[in-house]
Amino acid sequence: MIALLQRHRRAIEIAAVLVMIVLAFTALDTLTHQMRYSQVRAAFHALEPGRVALSLLLTAASYLALTFYDVLALRTIDRPLPWRTAALASFASYTLSHNLGLSLLTGGSARYRIYVGAGLDGPDVAKVVMLAAGNFWAGVLAVAGAAMIVHRGDLDLHMVVLEPLATHLTGGAVLALLGGVAVVAVREKRLALPGMRLPLPSAAGIAAQLGVGVIDITCAAAALFVLLPGAEPSQLPIFVLAYALGIVVALVAHVPGGLGVFEAVVLAVAPGDRTQLFAGLIAYRLVYYLLPLALAALLLAWREGARSTRMTRIVGGMHSVAIGLSPLVLASATLLGGGMLLLSGSLPAIHARMGLLADVLPLPFIEASHIAASLVGTALLLLAPGLYRRLDGAFHATRLLLLAGAFFSLTKGIDYEEALACLTLAGLLQMTRSAFYRRTALTETPVTVGWAAAVTLVAGMALWAGLFAYRHVPYADDLWWKFALRADAPRYLRAALACAVLLAGFAIWRLFAPGPLRVERGTGTAQQTDPAIRAILAASQRTEAMLALTGDKRFLISAAGDAFLMYQIKGTSWVVMGDPVGAEQSWGELLWQIRDLSHRRQGRLVLYEISPAMLDLAIGMGLQIVKYGEEAVVDLPGFELDTPQLRSIRKSERTAARAGARLRVVPAAAVPVILDELEAISAEWMAAKNQREKGFSLGAFDREYLCNFDMALVMVEDRIVAFANLWRTQDGSECSVDLMRHRSDAPRGTMDFLFTNLILWARARGYRRFTLGMVPLSGIEGRHLAPAWAKAAALVFRHGERFYGFRGLRGYKEKFAPRWEPRYVAGPSGIGLLQGLHDISRLIGGSGAATGRAVLPRQAEQAEQAA
C-alpha cells in the first residue's frame, strides 16, 4: 500500500486538493442557499467609506505586526538585520502566501531572495522561515484559545454545537498546550532537526512572539469585523474565534489562499446576518488579500524600472530582488487577473452600461466579446505557471492576452475597471521584461500540484459565482440559444461551456503528452522513486548510481530486487548507463534481459561507460568492446595537500581562500530554500558559456533532482559564488560531485578551491575515494597496429583542443594526482556501433560529442589552467 501511494503520490495530492475544493464550494453553496445575488451586491455597495478606511488601517496594522515575526526570528538565530529589510521580506512573503497558500514555494522563496541579498545564507533563511511559521501558529492558537475562554453561550460550529463548559475547557486545553510547548522551548533552547539545529527563543522572546501573533490575528480579524454594519463590540471574541478557525481549516485543507474554505468556516461560525457577512468577506478579500498583492507588484515593478535611472543608486542591491520576485508575484497577479475576467463573465452586466454599448456595437459583437473575454481569462490561468518559470514565450503571450482582455472587457459591457487592471498588469510585465529570459518551449512547462489546484480553484469559483448569481433563473434548453441585451444567464452558460472546452482540451492534451519515464519491473511499471530503487541505491558503493535520480531513465529491476540497471531508448539504440547497480550476481540476469528486450523490438544494445568488471559479460553477449576514456579517482587515505605533487592546486586554492572563499555544505533538507539563488547562478553560467543543459550521463539543473543531495557551496562574504551537488555512498566508500556552476565574478581559483576542500572534507569523514569524473578518449593509444577507431580517438585527443579540450581536461584533473580507471563502450560491431555512439550523443543532449558525467565546466577551467 505504501509503495502504491508513493507511486501515485502526485495524482493522490491533486485528488485530495480537488476534493477539498469541492467540499468547500458545497459548504459555501449550502450556507448561502437563502441569499440572492442582488442582496449581496446591495450589501456590498452599502459599505460605508469610513468602515472601509478603518479596515484598511487595521490591515496595515496586521501587516506591520507580521514584520516583527521576521525581526524576532532573526534575533533568535543571532543574525539581526535592519527593520526595513525584515519588513520587505515579510511583506513580500506573506502577500504571496495569503494569495497562493502558505508554502515554501511562495513565502520561503521570497524571504530567501531578500535575505541572501542582505548577507544571510540558505540555512539561516530556513531557520527564519521555520521560526516565523511557529510564531504565526502560536498567535493563531493563543487567539483561538482566549476567544473560547471569554466566549459566553454555546459555540455553534454549524455541524457541532459546544456548550459553554466544553468551549471553555477546549480553550483552556489549547492555551495549556501552547504553554507546555513554550516551557519545553525555554528548557531545550535548541531543536534538533534533520541536518540542522534550530535555536529556540528565550522566555522573553516567546512572550514577544506571542504578543506579536495576538496583535496580528486580532487586527486581521478586526479588519473584517468593521466591514459588518450590524456587528456589535460584544461579538468581537466569537468573531475572532471564527476568523482563527477559518485560518486553521484553510491551512489544513491546502486550498490555495483558502478561497472558499475560509469563507465557509467564517459564515458557519460567526454570528450576524449572513448576507452582510458574505458581502463583508468579499470586501475583505479585496482589502486584505488582493490590494497588498497589487501593491507588491507595483513596488517590484518600480524597483525594476528604476534600474536604468538615478534611483538605482538609492534602491541599491534590491534590483536583483525585484528580478527574483517579479516572476512569482506577476504569475500570481496573472492567475488572479484571469480569475477576474472569468468572474466578470459569470456575473450579470451593469445594464446602464449595456444600453450605452448597444448604441455603438451590434449584439453579435457583444456576445462574441463576452465569450472571448472569458477564454482570455482561462488562457491566463494556464499561462501563469510559465511566467513563474520565467519563460519568454509566456511573457509575450500573457502581455498580448492582457491587451486583448482589456479590449474585450470594454466591448462586452464597458467594464473599464477590468480593462484598467489588465492594462496595468501588462505594463508591469513590460517593466519587468528582463526577468523573463528563458527560451524553453511553453509545452515543456510542468503542471505542478499547486498550480493545478490554483487553476481549478479559480475556475471553480467563477463557475460557482454564476450558479449563485442566476440561482433564481429556471433552467431550460432554450437558454443556450437566447440572445438579448439583458440575457445575462445565457451568456454565462455559453462562456462557461467555452471555458470548460478549453480547459478539457488542455487537460486531454497534457494527458496524452509524453509522460515521465517509468521503472519497468516485469510487465508492470513504477516511478523512479520506487522503494526498491531507493533501497538498492542506499546500498550502492559507487556514486555514479545517483544518475538513477535524474528523471530521464528507464529501469530494469532484478527478480530478487537486489539490483537494477538504468537505460534509455534513443532512435533504435537501447543505451545502458554504466554498470548495473546492486548485487553483482544479478548483473548477468539484467543484461541478458535488456539484450532480449532490445532484440525483440529490433533495437541495438549499447553499454555506455562500463567498468572492467563488465567486460566478461559484454564479451559473452557478443558485443564489441571499445575503450571510451578514463575516470580520475583520488584515494583519500593517502591524500596530503602539502606535497610537491600538489603544489599548483595548493597555490590556486590558497589564492581563492585569500579572496574570502570558504566551503559550506548545506544538507539536503535545507536545499529547497537556496534553490532560487542556485538557479540564478546556473542561468548566469549557462548564458556566459553559451551552454545548454545535458542529461543521461550527468545531471541537469532540476529542482526535484537537486533536492536529493547535500549541496557544497563556495561562499564569499556570505554570498554564494559557486556550488556543486554531492554524491555520497552511505557506506563511506565514495564521494563525488555532479552539477557544478559558478558566478562570472567568482574569485580566481574558485573551482580548485571547491574540489580541494571537498576532497579534504570527504577524507575527514572517512570516505575512501573521491572521483573527479570521466575524461573521454583518455588513455587510448594510437599505435601503428592499433585498430582504426583507436588511432582516430588518439588523434582527436591530441589535436582536438579547439573542439573540446580533452587534453586540457585530463591535465586539470592530473593536478590532483589521481589514479586512472578505464571506462568502455560495448555495442554491435561495425557501423552499428557508430550509430549507437551518435544516438548516445543525441541522448546526452547536444549535437556535439557525448561526454562523460562530471565533466568540469570546460571553458572556465581551461582558462584558469592557461593563465
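Residues numbered from 1 in each chain as written. Predicted model: local features only at pLDDT ≥ 70, side-chain atom pairs only at ≥ 80, totals over all residues. Heavy atoms only, no water.

## A word on the overall build of the chain
Next, step 1: Looking only at helices and strands, one finds 31 helices and 18 strands in the chain.
Next, step 2: Considering only intrachain contacts with a sequence separation of at least 6, the fraction spanning at least 24 residues in the chain is 74%.
Next, step 3: For the chain, the exposed surface amounts to about 37,300 Å²; the carbon and sulfur share of it is 63%. (Helix = DSSP H or I, 4+ residues; strand = E, 2+ residues; numbered from the N terminus. Contact = heavy atoms within 4.5 Å. Areas by Shrake-Rupley, 256 points an atom, 1.4 Å probe, with all protein chains shown as cover.)

## What to know about the environment of L641
Next, step 1: Mapped onto the fold, L641 is located in the loop between β12 (624-635) and α24 (647-658).
Next, step 2: Classification of L641 by relative accessible area gives buried; the value is 12%.
Next, step 3: Here the alpha-carbon distance between L641 and L760, two residues 119 residues apart in the chain, equals 8.5 Å.
Next, step 4: What L641 contacts, discounting residues up to four positions off in sequence, is L646, I649, R650, T756 and L760. (Buried < 20%, exposed > 50% of the residue type's maximum accessible area, 1.4 Å probe, protein only.)

## With respect to the nonpolar core
Next, step 1: Within the largest apolar cluster, 102 residues are counted, with the highest numbers of intra-cluster contacts made by L335, F564, Y608, L678 and L713.
Next, step 2: With 8 residues, helix α14 (residues 318-346) is the single largest residue contributor to this core.
Next, step 3: Grouped together as the second largest cluster of nonpolar side chains are 77 residues, V226, A250, A279 and A489 included. (Core = buried A, V, L, I, M, F, W, Y, C linked by side-chain atoms within 4.5 Å.)

## A look at the packing of aromatic side chains
Where two aromatic rings form a pair, the distance of their centres and the angle of their planes describe that pair.
Next, step 1: Under the definition given, this model contains 26 aromatic pairs.
Next, step 2: Look at F407 and F408: their rings are 5.4 Å apart centre to centre, the planes differ by 65°, and that puts the pair in the edge-to-face class.
Next, step 3: Through successive ring pairs, a cluster of aromatic residues spans Y63, F91, Y243, F262, Y284, Y288 and Y289.
Next, step 4: The ring of Y289 has R285 sitting right over it, with the charged end atom 4.3 Å from the ring centre. (Phe/Tyr/Trp six-rings, centres within 6.5 Å; stacked < 30°, edge-to-face > 60°. Lys NZ or Arg CZ within 6 Å of the ring centre and 35° of its normal.)

## Here we look at the confidence of the model for the chain
Next, step 1: Looking at the chain, the pLDDT average stands at 80 and 82% of residues meet or exceed 70.
Next, step 2: Within the chain, no element has a lower average pLDDT than helix α31 (residues 858-866), which sits at 33, and none a higher one than strand β14 (residues 711-716), at 93.
Next, step 3: Contacts for the low-pLDDT stretch residues 307-322, under 50 throughout, to residues beyond four places or in other chains number 17 contacts.
Next, step 4: Contacts for the low-pLDDT stretch residues 778-805, under 50 throughout, to residues beyond four places or in other chains number 51 contacts. (pLDDT = per-residue confidence, 0-100.)

## A closer look at helix α15 (residues 351-358)
Next, step 1: Listing the buried residues of α15 in full gives R353, M354 and L357. All buried residues of α15 fall inside an arc of 100° around its axis, so they share one side. Those residues of α15 that are exposed and angled more than 90 degrees off the buried face are A352 and L356. (Arc of directions from axis to C-beta.)

## A few points about a nonpolar patch on the surface
Next, step 1: Taken together, the side chains of L64, F68 and W83 make up a nonpolar region of the molecular surface, amounting to roughly 280 Å² of accessible area.
Next, step 2: When you line up the elements, W83 lands in helix α5 (residues 83-100).
Next, step 3: Overall, W83 belongs to the partly exposed group, its relative accessible area being 41%. (Patch = residues over 30% accessible without salt bridge, like charges linked within 9 Å, V, L, I, M, F, W, Y side chains within 5 Å. Salt bridge = Lys/Arg side-chain N within 4 Å of Asp/Glu carboxyl O.)

## Overview of a positive patch on the surface
Next, step 1: Taken together, R647, K651, R658 and R748 make up a surface patch of like positive charges.
Next, step 2: Residue position: R647 is located in helix α24.
Next, step 3: Residue class for R647 comes out exposed when judged on its relative accessible area of 61%. (Lys, Arg positive; Asp, Glu negative; His and termini not counted. Charge placed at Lys NZ, Arg CZ, Asp CG, Glu CD.)

## Observations concerning the pattern of salt bridges
Next, step 1: With the rule as written, the count across this model stands at 34 salt bridges.
Next, step 2: Residues E263 and R285 are paired through a salt bridge, measuring 2.6 Å at the closest nitrogen-oxygen approach. Note that E263 is positioned in helix α11 (residues 261-269) and R285 in helix α12 (residues 274-305), a separation of 22 residues in sequence. Across this residue pair, the class does not change: E263 and R285 are buried.
Next, step 3: Linking R662 and D718 is a salt bridge whose minimum nitrogen-to-oxygen distance equals 2.5 Å. With R662 in strand β13 (residues 661-666) and D718 in the loop between β14 and β15 (719-728), this pair connects stretches of sequence that are 56 residues apart.
Next, step 4: Salt bridges here are not isolated pairs; linked through shared partners, they connect R542, E631, D635, E734, R769, R819, E821 and R823.

## Some remarks on unusual backbone geometry
Backbone phi values are negative for most residues with the exception of glycine, while trans is the configuration of most peptide bonds.
Next, step 1: Even without glycine at this site, E609 takes up a positive phi of about 60°.
Next, step 2: With respect to the helices, strands and loops of the structure, E609 is situated in strand β11 (residues 604-610).
Next, step 3: Residue E609 is classed as buried on the basis of its relative accessible area, which comes to 2%.
Next, step 4: Within the chain, E717 stands out as a residue other than glycine whose phi angle is a positive 55°.
Next, step 5: Among the structural elements, E717 can be located in the loop between β14 and β15.

## Focus on the side chain of R743
Next, step 1: Relative to the elements of secondary structure, R743 occurs in the loop between β16 (734-742) and α27 (750-764).
Next, step 2: Since its relative accessible area comes to 9%, R743 is described here as buried.
Next, step 3: Among the polar contacts listed, one links the side chain of R743 to the backbone oxygen of I720, at a separation of 2.6 Å.
Next, step 4: Not counting residues up to four positions away in its chain, the partners in contact with R743 are E677, I681, E684, R719, I720 and V721. (Polar contact = N/O pair within 3.5 Å; in protein donor to acceptor, adjacent residues only side chain to side chain.)

## What about the pairing of β16?
Next, step 1: Within β16, 9 of the 9 residues are buried, leaving the element largely enclosed by the surrounding structure.
Next, step 2: Where β15 and β16 come together, 6 bridges link them in antiparallel fashion. Paired with W727 across the strands is S736, a residue of β16.
Next, step 3: Relative to strand β17 (residues 769-776), β16 runs parallel, the two being bridged by 3 bridges. Counterpart to S736 in the pairing with β17 is T771.
Next, step 4: Taking the sense of rotation as the criterion, the β-α-β connection linking β16, α27 and β17 turns out right-handed. (Pairing = 2+ DSSP bridges. Right-handed = clockwise from strand over helix to strand, strands pointing away.)

## Topic: helix α17 (residues 392-413)
Next, step 1: Between the first and last C-alpha of α17 there are 32 Å, a value that for 22 residues agrees with the 32 Å anticipated at 1.5 Å per step.
Next, step 2: All of the buried residues along α17 are D392, A394, F395, T398, L402, G405, A406, S409, T411, K412 and G413.
Next, step 3: I414 occupies a position one or two residues after α17 and carries a positive phi of about 50°. (Expected span 1.5 Å × (residues − 1).)

## Quick notes on the packing of α15 against α17
Next, step 1: It is the contact of α15 with α17, at a shortest axis distance of 7 Å, that shows an interaxial angle of 95°. Accordingly, the angle class assigned to the pair α15 and α17 is roughly perpendicular. Each of R353, M354 and L357 in α15 lies in contact with α17, whose residues at this interface are L410, T411, K412 and G413.
Next, step 2: For the contact of α15 with α17, the per-class residue count stands at 3 nonpolar, 2 polar and 2 charged. (Axes fitted to C-alpha atoms, helices over the stretch in contact; angles between N-to-C directions. Parallel < 35°, antiparallel > 145°, perpendicular 65-115°, else oblique. Nonpolar A, V, L, I, M, F, W, Y, C, P; charged D, E, K, R; others polar.)

## Section: the pairing of strand β7 (residues 554-557)
Next, step 1: Alignment of β7 against strand β8 (residues 563-570), held across 4 bridges, turns out to be antiparallel. Its bridge partner being in β8, I557 is matched across the sheet by F564.
Next, step 2: Once β7 ends, the chain turns through 5 residues before running back antiparallel as β8, passing G561 with a positive phi of about 70°.

## A few points about the packing of helix α8 (residues 164-188) against helix α9 (residues 203-225)
Next, step 1: In contact at an axis separation of 9 Å, α8 and α9 are set at 145° when each is read in the N-to-C sense. The handedness of the crossing between α8 and α9 comes out as right-handed. Note on element contacts: α9 touches α8 through A203, I206 and L210, opposite L178, A182, A185 and V186.
Next, step 2: Looking at side-chain class alone, the contact of α8 with α9 contains 7 nonpolar, no polar and no charged residues. (Left-handed = near helix turned anticlockwise from the far one by under 90°.)

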